[in-house]
Structure formats: structure tokens, C-alpha cells
Amino acid sequence: MKVLFVSDIHGSFYYTKILRDIFRREEADKIVILGDLYYHGPCNDLSLEYNPMKVSEVLNSLKQYLYVVRGNCDSEVDEQISEFTFNDNLLLDFCNKKIYCTHGHKYNIDNIPNCEFDIMAYGHFHIGFIKKINNHIFINPGSLSLPKNGSVNSYILMDEKGIELKDIEGNIIDKLFF
Ligand SMILES: [Mn+2]
């Protein structure tokens, strides 16, 4: 099974179309979106082809594959245009791993939730990484549309063998084998 992790689309229709292309190219089975789907937020510039309604149309067309957590920019009205559920946090069981998914503004590598997991996945910081600390793996796919601090537009792909952080062209930035 292949799981695609993305985050922080922030209303970019352009990068949501790229997400659909990546999903097809990688032949992924599931897509986990780690929050901040539509609204650009007061701290960000407008994302490329900023159009939350069009983003929602593409995401709704992928709803059968989606697992979504709520970001700090996601509001009640965003849920009204979405044909999928926004969850505060998700504990998923994929590829024989327990994966705790959250946006990252509350729980992150510096504030770990009080539950058992193998992998913690979050976004929010717009910088992708894979880190292993003792028995825990922490992953962040970065931002699809608004990378920060010199990082690139990126995503994460996971299967039974391991985890890869990739740029949107599919070049591997970092990887970890289980
Ligand atoms: Mn955020």
C-alpha cells in the first residue's frame, strides 16, 4: 500500500492540480492531508491560482481516497464546501504502522501527544523532513504551495518499505527505510 502525505495547500488551485498528478503518477492508494486546505491565512502571500472553491472541487473528486485533519486556518465554512470530514487528529493504521496525524500547531516534535504511535505526521511549518528519534519517526511533507525557509514544494510517500520525502517533480530529498 502507498500513502501520500501532503499539507498546507492554502487555496492554491495550481498545486491542487499537481497533487492530483502526483497521486496518479505515484499510484498511491490513500491521501492524507494535514490541514490548511483553503484559506491563505494572514501570514502568507496568496498562493498560486488562489481559488478555494476550485481546490474543493478537485479534493471532492478525490474524496474516496482522502483522510483530512483540520489546520489552524480551516474553518466551519470550509467544511460546508467539502464532501469529506475534517478531523482534529487521526490515528491511522497503514503499512503496519500506527500513524498519528495532526496539523502541528498544537502537537509536534516538541509537544508529543499522550498516545501510542510509531509515526507522527504533521504539517503547519511548511518545511519537509523525516526524523527518527528512538522508537518514534516524525514526518512533515512540507507545504505543497508555500514552502518556507528555502525549502521546496514537497510531499511524502510511504509504503511497507519506508518513507520518502520528494519534491513535486518526484526527486527524492530524503528517505528512511523501516
Ligand atoms: Mn498552519
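Scroll up to find the structure this text is about.
Per chain, the residues get numbers from 1 upward, laid out in the order the sequence is written. Totals for whole chains, interfaces and linings use every residue, but because this is a predicted model, local features are given only for residues with pLDDT of at least 70 and side-chain atom pairs only at 80 or more, for both listing and counting.

Enquirer: What's the story with helix α2 (residues 52-61) in this structure? I'm lost.
Expert: Every α-helix carries 3.6 residues per turn, so stepping three or four residues along brings you back to the same face. Those residues of α2 lying buried are P52, V55, S56 and L59. An end-on view of α2 places all buried positions within 100° of arc, on one side of the element. Turned more than 90 degrees off the buried face of α2, the exposed positions are M53 and S61. In this fold, the buried residues of α2 make contact with α1 (13-25) and β3 (66-69). To sort residues by exposure, count the other C-beta atoms lying within 10 Å of each residue's C-beta; 20 or more gives buried, 12 or fewer gives exposed, and values between give partly exposed, all with C-beta atoms placed from the backbone. Secondary structure follows DSSP: runs of H or I at least 4 residues long count as helices, runs of E at least 2 residues long count as strands, and numbering of each begins at the N terminus. Note that the arc is computed from the directions linking the helix axis to the C-beta atoms. The contact criterion used here is simple: two residues whose C-beta atoms, placed from the backbone, lie within 7 Å are in contact.

Enquirer: What should I look at first to understand the sheet that holds strand β6 (residues 97-101) in this one?
Expert: The strands making up a sheet associate through backbone hydrogen bonding, with each pair oriented either parallel or antiparallel. Whether two strands pair depends on DSSP finding at least two bridges between them. Read from one edge of the open sheet, 5 strands run β5-β6-β7-β9-β8, paired in mixed fashion. Two strands lie at the open edges of the sheet, namely β5 (90-94) and β8 (128-133), each paired on one side alone. Neighbour to neighbour, the strand axes of the sheet diverge by 20° on average, direction disregarded. Taken together, the 5 bridges between β5 and β6 define a ladder with antiparallel strand orientation. Pairing of L92 across the sheet is with I99, part of β6. In this analysis an axis means a line fitted to C-alpha atoms, helices contributing only their contacting stretch, and an angle means the value between N-to-C directions, from 0 to 180 degrees.

Enquirer: Help me understand the environment of Y107 in this model?
Expert: With respect to the element layout, Y107 can be found in the loop between β6 and β7 (119-121). Residues Y107 and A121 lie 14 residues apart in sequence; the distance between their C-alpha atoms is 9.9 Å. For Y107, the contacting residues outside a window of four places in its chain are T102, I112, P113 and Y122.

Enquirer: Help me understand the sheet that holds strand β12 (residues 172-177), please; the structure alone is not making it clear to me.
Expert: Read across the open sheet, the 7 strands follow the order β4-β3-β2-β1-β10-β11-β12; overall the sheet is mixed. With one partner strand each, in any of the chains shown, β4 (86-87) and β12 form the two edges of the open sheet.

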